[in-house]
Each structure stands twice: as C-alpha cells, then as structure tokens.
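Listed below are the residues making up each chain.
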Amino acid sequence: MEGSARSAGHAPDADIILAIEFIEVPGRGYRWRLRTADGETVTESPVFLSLQQCVQDVRSSAVLNPGIDPYVRRS
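The rules we used
Residues numbered from 1 in each chain as written. Predicted model: local features only at pLDDT ≥ 70, side-chain atom pairs only at ≥ 80, totals over all residues. Heavy atoms only, no water. Helix = DSSP H or I, 4+ residues; strand = E, 2+ residues; numbered from the N terminus. Buried < 20%, exposed > 50% of the residue type's maximum accessible area, 1.4 Å probe, protein only. Contact = heavy atoms within 4.5 Å. Areas by Shrake-Rupley, 256 points an atom, 1.4 Å probe, with all protein chains shown as cover. Pairing = 2+ DSSP bridges. Core = buried A, V, L, I, M, F, W, Y, C linked by side-chain atoms within 4.5 Å. Patch = residues over 30% accessible without salt bridge, like charges linked within 9 Å, V, L, I, M, F, W, Y side chains within 5 Å. Salt bridge = Lys/Arg side-chain N within 4 Å of Asp/Glu carboxyl O.

Peer 1: Sorry, what's going on with the overall build of the protein here?
Peer 2: If you tally the helices and strands in the protein, you get three helices and three strands. Its helices and strands in sequence order give the protein the pattern α-β-β-β-α-α, from N to C terminus. Split into buried and exposed, the 75 residues of the protein put 17% on the buried side. Counting contacts in the protein only where the partners sit at least 6 residues apart, residues at least 24 apart contribute 21% of the total. Entry remark: accessible area of the protein is about 5400 Å², with carbon and sulfur atoms responsible for 51%.

Structure below.
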C-alpha cells in the first residue's frame, strides 16, 4: 500500500477515510462523522435540521476538499 500511496501523491501515513456516518439526533436533526481505517473519528459536524443539509455539508467539508477553510464555508 505504501507504493500506491506514493504514486497517488499522498503521504504513506495519511489517514484514509473508510466511512462517512450519518447520525440522526432525535428531535434535532442530523449530523455526519468521518472515520479512518483505524476507527478513529476525523471530524464531526454540527447538527443540521434536514438530512439534505447534512449531506450537502459533508460533500463540501474541508476534510473531503483540502484547501477549504471550514470556518468560511459555514458562515
């Protein structure tokens, strides 16, 4: 795997996201969580009123789109 990570231009010790979890927060809405291959949580979102808002937010998250400032996108 180390060779393929280098050929793709990634550091061999970089976290690889294996799961994007969508979590229903009863009575409040939805949130998402990104997890690595080791089961560690990379980041979590705030609670959104609808599942559509939650999905749109994870698609534009800074973790999935390097170079985007997460504080700017949620302004």
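Peer 1: Honestly, the pairing of strand β3 (residues 41-44) in this entry has me stumped. Any pointers?
Peer 2: Here is the key point about a regular strand: its side chains alternate between the two faces of the sheet. In terms of strand pairing, strand β2 (residues 29-36) meets β3 through three bridges, oriented antiparallel. Considered in β3, the bridge of Arg 33 is made with Glu 44. The antiparallel pairing of β2 with β3 creates a hairpin that spans four residues between the two strands, and Gly 39 there sits at a positive phi of about 85°.

Peer 1: I tried to follow the nonpolar core on my own but got confused; where do I start?
Peer 2: Note on soluble globular proteins: their nonpolar side chains tend to be buried together. One finds Trp 32, Leu 34, Phe 48, Cys 54 and Val 58 forming the largest nonpolar core, which totals five residues. Elements represented by at least two residues in this core include exactly β2 and α2 (51-59). The residues contacting Cys 54, other than those within four sequence positions of it, are Phe 22, Tyr 30, Arg 31, Trp 32 and Phe 48.

Peer 1: In this structure, what is going on with a nonpolar patch on the surface? I would like to understand it.
Peer 2: A cluster of nonpolar side chains, contributed by Ile 20, Phe 22, Val 42, Leu 51, Val 55, Val 63 and Leu 64, occupies part of the molecular surface with about 500 Å² of accessible area. Looking at the nonpolar patch, the elements that each hand over two or more residues are β1 (17-25) and α2. Considering the arrangement of structural elements, one finds Leu 51 in helix α2.

Remember that the coordinates give geometry; whether it matters functionally is a separate question.
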